[in-house]
Amino acid sequence: MKFKLLIKIIVFFCLSVSLNSAWAKEPVYFDGLSFAGDYKDMQYAAPFAASLINDNQKLRDFNQQLRNELKKVDWGDFYLEEQKGNVKSGEALTISISVIEEQYQEEDTGDGSYSISGTVYGQIVVFDFTKKRTISTIPFATSYYDTATEVFKNTRQNIYEILYFDQTKKINVINEFVRKFPEINFKRPFHNWNIQVRDVTNLEKAKKTINKYGASEQAFKSRVANQFSTALSDKFQIPILPYSSGGQAVKSMALCFSSTKVLQLELPMPNFYIDLTVRGFKKKTVKETQRRIFVSYISAMGIAIGNRNFKQELFSEKAQVGLYHEFSKKLKVNDWNELKNSLTLLTEQVTEQLANPNKKFFKTNMFSKNSFSQFKKNTAKLEKKVFSKLR
């Protein structure tokens, strides 16, 4: 009799602990797809995302697809709340996938086919709906590449349908959201350590190239900042605040969910800064034959990272890289696209060096006043004094 009573007590205790644990979990409300900016800028910066946000049925389809995937992930001490948030009770932790920019390229390869690519830059945004405060922003980027013998009016549309809806290729924005999800720290306090691309400067040589191809200098700066933020976040698994143009820390960011719903969210002040300097571009012909041409598209950039609070620069280096291509002389190459692709490659390689310094790359591609040994020490110092504090 005593044994049966003991078993009942143990079972009751286990059930109580289990229920209390479940009840103790905090809800996170899902706000779906948004655009990182004002409604008036959305159509230009992210036309496909704009078409979803302006179409209630397509927006519901996308949000439901994302919601289904979020149900499968491990939420730890939190859970995905299906109902609308009860903001009066303080249950206002909310998550959104926010698109920053879309980029599209199509190029005649000269051999009867076209090279096509689309890229989406975005961020996972966690915010407190009640206080209208940003808790965490984790940037991401994903691209899809394809070839076609002919380009049609709907080719661009089809590329972005894949990037937003087709999960089979494991490269769409929902796949990327799920991949980056484990990096979210829902318990992150508002006044935690933060880092931000503070400024992007185009030197005169870079400006000449940008103007030569009729590109917007401000749009180009945003591209550079987004690329670097995404690469750095991915390599070190850290949140990064949205880019602030003009070197000033912005105090808020806009999230656009529709023409009538735009939230202004307070941003924390960054403790650390990243300053990027695009030093210039160059197209260099390496070799020519009667029918072929071998070209290197070169880009150069400077990177500085420092402590904003103490106005202390912790790291400063310059690097360049060449993107090598072989083309048919009959091909009309879009040189501006290739120069931008070179800068993308440089961004990826520089962030790799911050994590895993390579002596060969250092000697070949970097213009440093330091020895390789000192460079390694400086990157280790960044991990200790900056990146480790951000996680």
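Cut-offs and rules
- The numbering scheme is per chain: residues are counted from 1 as the chain's sequence reads.
- Local features in this predicted model are restricted to residues of pLDDT 70 or higher, and side-chain atom pairs are both shown and tallied only at a pLDDT of 80 or more, whereas totals for entire chains, interfaces and linings draw on every residue.
- Values shown for side chains rest on all heavy atoms present in the structure; no hydrogens or waters enter the calculation.
- Each helix is a run of H or I in the DSSP string that is no shorter than four residues. Each strand is a run of E no shorter than two, and both are numbered from the N terminus.
- Each helix should span, by expectation, one fewer than its residue count multiplied by 1.5 Å.
- To get the bend at a given residue, fit one axis to the seven residues ending there, fit another to the seven starting there, and take the angle between those axes.
- Burial here depends on accessible area, computed with a 1.4 Å probe over protein chains only, as a share of the maximum for the residue type. Under 20% is buried, over 50% is exposed, and the range in between is partly exposed.
- Using a 1 Å grid laid over the protein atoms alone, points where a 1.4 Å probe fits but cannot get out form a cavity; open sets with protein on both sides within 12 Å along at least 5 of 7 lines form a pocket; any residue with an atom within 4 Å of a point counts as lining.
- Grid points are joined across faces, edges and corners, and a volume is the space filled by probe spheres set on the points.
- Just so you know the grouping, Ala, Val, Leu, Ile, Met, Phe, Trp, Tyr, Cys and Pro go in nonpolar, Asp, Glu, Lys and Arg go in charged, and all remaining residues, Gly too, go in polar.
- For this analysis, residues touch if any pair of their heavy atoms sits within 4.5 Å.
- Paired strands, as defined in this entry, are two strands with at least two bridges between them according to DSSP.
- Only the stretch in contact is used when fitting a helix axis, every axis being a line fitted to C-alpha atoms; angles between N-to-C directions are given from 0 to 180 degrees.
- To pair, rings of Phe, Tyr and Trp, with the six-membered ring standing in for Trp, must have centres within 6.5 Å; the planes then decide the type, stacked if under 30 degrees apart, edge-to-face if over 60, and tilted in the middle.

Asker: What is the right way to read helix H11 (residues 372-390) from this model?
Answerer: An α-helical turn contains 3.6 residues, so any two residues separated by three or four positions project in the same direction. Here H11 contains 19 residues, and its C-alpha end-to-end distance of 26 Å stays within 8% of the 27 Å for a straight helix at 1.5 Å per residue. Largest kink in H11: about 40 degrees, centred on Glu-383. For H11, the full list of buried residues reads Phe-372, Phe-375, Asn-378, Thr-379, Leu-382, Val-386, Phe-387 and Leu-390.

Asker: Hey, could you run me through empty space enclosed by the protein in this one?
Answerer: The method is simple in principle: a probe with the dimensions of a water molecule rolls over the atoms, and the space it marks as empty is what remains. Within this structure, the stated rule accounts for 1 cavity of 30 Å³ or more. Of the voids in this model, the largest cavity is the one considered here, and its volume is about 30 Å³. Contributing to the lining of the largest cavity are Thr-134, Ile-135, Ser-136, Thr-137, Arg-188, Asn-194, Pro-239, Leu-241 and Pro-268. The class makeup of the residues in the lining of the largest cavity is 4 nonpolar, 4 polar and 1 charged.

Asker: Looking at this model, I keep getting lost on the environment of Ile-100. Mind explaining?
Answerer: On the secondary structure map, Ile-100 appears in strand S3 (residues 93-108). C-alpha separation for the pair Ile-100 and Ser-34, spaced 66 residues apart in sequence, amounts to 9.1 Å. Non-local contacts of Ile-100, meaning those with residues more than four positions away in its chain, are made with Phe-35, Ala-36, Ala-45, Tyr-121, Gly-122, Gln-123 and Asn-226.

Asker: Explanation requested: the sheet that holds strand S11 (residues 312-328) in the structure shown.
Answerer: Strand pairing in a sheet takes place through backbone hydrogen bonds and is either antiparallel or parallel in direction. Spatially, S6-S9-S10-S11 is the arrangement adopted by the 4 strands of the open sheet, whose pairing is mixed. Across the chains shown, the open sheet's two edge strands, defined by having one partner strand only, are strand S6 (195-202) and S11. Pairs of neighbouring strands in the sheet enclose a mean axial angle of 25 degrees, with direction left out of account. Two elements, strand S10 (residues 292-307) and S11, share 16 bridges in a ladder whose sense is antiparallel. Bridge pairing links Ile-305 to Phe-315 in S11. Docked against the sheet, helix H7 (residues 204-212) engages S6 and strand S9 (272-288), running at close to 65 degrees with respect to S9. Set on the sheet, H11 makes contact with S6, S9, S10 and S11; between it and S11 the angle comes to about 105 degrees.

Asker: Is there a simple way to think about unusual backbone geometry in this case?
Answerer: Leave glycine aside and you will find that most residues have negative phi; peptide bonds, for their part, are mostly trans. Here the phi dihedral of Lys-170 falls at roughly 60 degrees; this positive angle occurs in a residue that is not glycine. One can find Lys-170 in the loop between helix H5 (155-165) and helix H6 (173-180). A relative accessible area of 62% means that Lys-170 is categorised as exposed. The phi dihedral of Gln-237 is positive, around 55 degrees, even though this residue is not glycine.

Asker: What exactly am I supposed to notice about the side chain of Lys-180 here?
Answerer: Inspection of the secondary structure assignment puts Lys-180 in helix H6. On the accessibility criterion, Lys-180 (0% relative accessible area) is buried. Contacts of Lys-180, omitting those with residues within four sequence positions, involve Ile-124, Ile-138, Pro-139, Phe-140, Ser-233 and Asp-234.

Asker: Would you mind showing me how to read the packing of aromatic side chains here?
Answerer: How two aromatic rings sit relative to each other is given by the distance of their centres and the angle of their planes. The tally for this structure, following the rule as stated, stands at 18 aromatic pairs. Taking the centre distance of 4.8 Å and the plane angle of 65 degrees together, the rings of Trp-75 and Phe-181 count as edge-to-face. Note that Trp-75 is positioned in the loop between helix H4 (56-70) and strand S2 (78-81) and Phe-181 in the loop between H6 and S6, a separation of 106 residues in sequence. Here Trp-75 matches Phe-181 in class, with each residue buried. Relative to Phe-186, the ring of Phe-181 has its centre 6.0 Å away and its plane inclined at 55 degrees; by these criteria the two rings are tilted.

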